[in-house]
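Chain by chain, the residues run as shown.
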Amino acid sequence: MIMDREPLVRFEHLTRRFGELAAVSDVSLDIRAGEVLALLGENGAGKSTLMKLLYGIHPPSAGRILLDGRESPIRGPADAMRNGIGMVFQHFSLLPALSVRDNLLAAWPATPAYIGRRSKRAARVLDRLSVIAPDIDPERRVDTLSVGEQQLVELCKVVNLEARVVILDEPTSVLTPAEAQRLYDFVLRLAAEGRAVVLITHKLADVEACADRIAVMRGGMLVADFAKGERTTAETVALMMGRPAATAEPAPDRFAGRPARLVLREITASAAGHVLKGISLEIAGGEVLGIAGVAGNGQTLLAEVVAGVEAPSGGDVLLDGESIARRGDEPHATPIGYIPEQPRDNAVVETMDLSANLRLRALAAGEADGAYDVAALIRRFNIAPSEPTRRAGTLSGGNLQKLVAARELGVPRPAVLACYPTMGLDLGAVGTVYEAMFAQAAAGAAVLWISEDLDDLLARAHRIAVMRGGAIVALVENDGTLTRDRLGAFMTGAPAEAAA
Ligand SMILES: Nc1ncnc2c1ncn2[C@@H]1O[C@H](COP(=O)(O)OP(=O)(O)OP(=O)(O)O)[C@@H](O)[C@H]1O
């Protein structure tokens, strides 16, 4: 019985304060070998902070951590790794200009100073990669990988350290269903090898697939710790939220067929190993057009061209008939609401406060910022902590995502481009962000929505375009007859496509 074993890690009355705020408050919890512990809680509940205490990123303000029954000697991540604790963050630390193989070699303590890249020893760092991500060519440069693929490489890095405790911070939020399934199998295998796995997640599917035990945090405190199966899903959600979950699922109004507002005309582009091969799409005011596709098929580049981050090599992006495409290196401010991938890197200034980040677009354009009612946006999107003078960099991952959604979706926009807009959000926040996105459509905006979640797209988009290899390979009405399998076939180019 797992319960009878001495815990690998024991938290005793752990508290971590940041100024006035207790991010972690009097938490006592065991982490046992051979067990997958799912750590659940709303955005800002303290999940990442608790694990960062174990990983040595922050010292506790009070309480103590025991490793194998003895006081933890960990004072920083290097100590943590030496003591067999590995953590994969939401935010990566790969070297983008190096290959996958070189990244894994660079992170491996057994790598000698000089090593033949094709030596047997070098090959060993790829063993785990071939199990968890067999499709990733080790010679590929990291900057050509999708976010999901980068995450799997990060995971390999940690597992290569022979970690006894593997902490995964929302690992499936950027994975395709197939990648997630492979990750689940891998996590179960790590546990079967006698390691402890901590899975920080918002997805109940993750819990279903591989958790043995569930710990729920709320407001910094541990509110429950139980074996899977002891409570129903609804009870678990209520524990996380402190109230029963809302049952209504936000969906856009029916689309009434208006003229095109956002037009992508024959767009070609290439950057960082990705290409766009003549993409044409027309999105009408009021319409929500979803783009599905396995990550890495050009979606990110397409978003960057539409948002004016990258210049197209050919073609144009038109909004209400006017070109909004970037030309060369001139400064460019897009008129459309844009939620990019990885908002911490791409959409906020971490050293500036919430108020400045919410008004950022007006500040950058030197315009009056009256449109941005900071207090109202913080309330509507439930950004916590809520003081406008708080530095954005201190927000939890989910609250940072809410901050960007609030700025981009909280004021009227002629068009919206949203890349994975609900990534890392808890259930309540997912609802708020979708409502805001669909309110934009109801007010006449053209909405372009990139997602890997086919169920979400099928439940909510008016039309769905599928991208593969830098091209749109299908564009279909979401009329209720479209299925996951048919979309999946378009995504992978499987023969079912022809039959459909
Ligand atoms: N370095 C820091 N300085 C100040 N406050 C911080 C810092 N790190 C975290 N916090 C605060 O601690 C609280 C808990 O944050 P944490 O990142 O642990 O939440 P979380 O449960 O992991 O959330 P999410 O699901 O959004 O990732 C939040 O209110 C956050 O703003």
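Residues numbered from 1 in each chain as written. Predicted model: local features only at pLDDT ≥ 70, side-chain atom pairs only at ≥ 80, totals over all residues. Heavy atoms only, no water.

- The protein has the name Simple sugar transport system ATP-binding protein in an unreviewed UniProt entry, where Kaistia soli DSM 19436 is given as its organism.
- Quoted verbatim from the Sequence similarities (unreviewed entry) heading of the UniProt record, the comment on the protein is "Belongs to the ABC transporter superfamily." (UniProt positions renumbered as here; feature names shortened; annotations may be inferred.)

1. Quick word on the sheet that holds strand 16 (residues 337-339)
The pairing of strands in a sheet happens through backbone hydrogen bonds and is either parallel or antiparallel.
Right, so step 1: Taken together, the six strands give an open sheet; going across it, the order is 16-17-18-13-19-20, and neighbouring strands pair in mixed fashion. Edge positions in the sheet fall to strand 16 and strand 20 (471-477), since each has one partner strand and no second. Averaged over all pairs of adjacent strands, the angle between their axes in this sheet comes to 15 degrees, without regard to strand direction.
Right, so step 2: In this sheet, strand 19 (residues 463-468) lies alongside strand 13 (residues 288-292) in parallel orientation, the contact comprising four bridges. Bridge pairing in strand 19 places A292 opposite V466.
Right, so step 3: Strand contacts of helix 16 (residues 427-442): strand 13, strand 17 (415-419) and strand 18 (446-450), with the helix running at about 145 degrees to strand 18, the strand carrying the most contacts.
Right, so step 4: Contacting strand 13, strand 19 and strand 20, helix 18 (residues 484-492) runs over the sheet at an angle of about 30 degrees to strand 19. (Pairing = 2+ DSSP bridges. Helix = DSSP H or I, 4+ residues; strand = E, 2+ residues; numbered from the N terminus. Axes fitted to C-alpha atoms, helices over the stretch in contact; angles between N-to-C directions. Contact = heavy atoms within 4.5 Å.)

2. Thoughts on the environment of T268
Right, so step 1: Structurally, T268 is set in strand 11 (residues 260-271).
Right, so step 2: Given the relative accessible area of 28%, T268 is considered partly exposed.
Right, so step 3: Among all residues touching T268, those that are not within four sequence positions of it are L276, K277, G278, P312, S313 and G314.
Right, so step 4: Within the local environment of T268, its side chain forms a polar contact with the backbone nitrogen of G314, the two atoms lying 3.0 Å apart. (Buried < 20%, exposed > 50% of the residue type's maximum accessible area, 1.4 Å probe, protein only. Polar contact = N/O pair within 3.5 Å; in protein donor to acceptor, adjacent residues only side chain to side chain.)

3. Quick notes on the UniProt feature "domain: ABC transporter" (unreviewed entry) in the protein
Right, so step 1: Cross-referencing UniProt, the feature "domain: ABC transporter" (unreviewed entry) maps to residues 9-244 and 257-494 in the present numbering.
Right, so step 2: Here residues 257-494 is 32% helix and 26% strand, with 32 Å between the C-alpha atoms at its ends.

4. As for the domain arrangement of the protein
Right, so step 1: In terms of domains, the protein is made up of domain 1 (7-241) and domain 2 (260-492).
Right, so step 2: In this structure, domain 1 and domain 2 have C-alpha centres spaced 29 Å apart.
Right, so step 3: Every contact between the two is made by 20 residues of domain 1 and, on the other side, 26 residues of domain 2.
Right, so step 4: Taken together, the two surfaces of domain 1 and domain 2 that pack against each other cover about 1700 Å², and 57% of this comes from carbon and sulfur.
Right, so step 5: Between the two partners, domain 1 and domain 2, sit zero salt bridges.
Right, so step 6: If you look at where domain 1 meets domain 2, you find five residue pairs in polar contact (both at pLDDT 80 or more). (Domains from an automatic or database assignment. Buried area = accessible area lost by both parts, 1.4 Å probe. Salt bridge = Lys/Arg side-chain N within 4 Å of Asp/Glu carboxyl O.)

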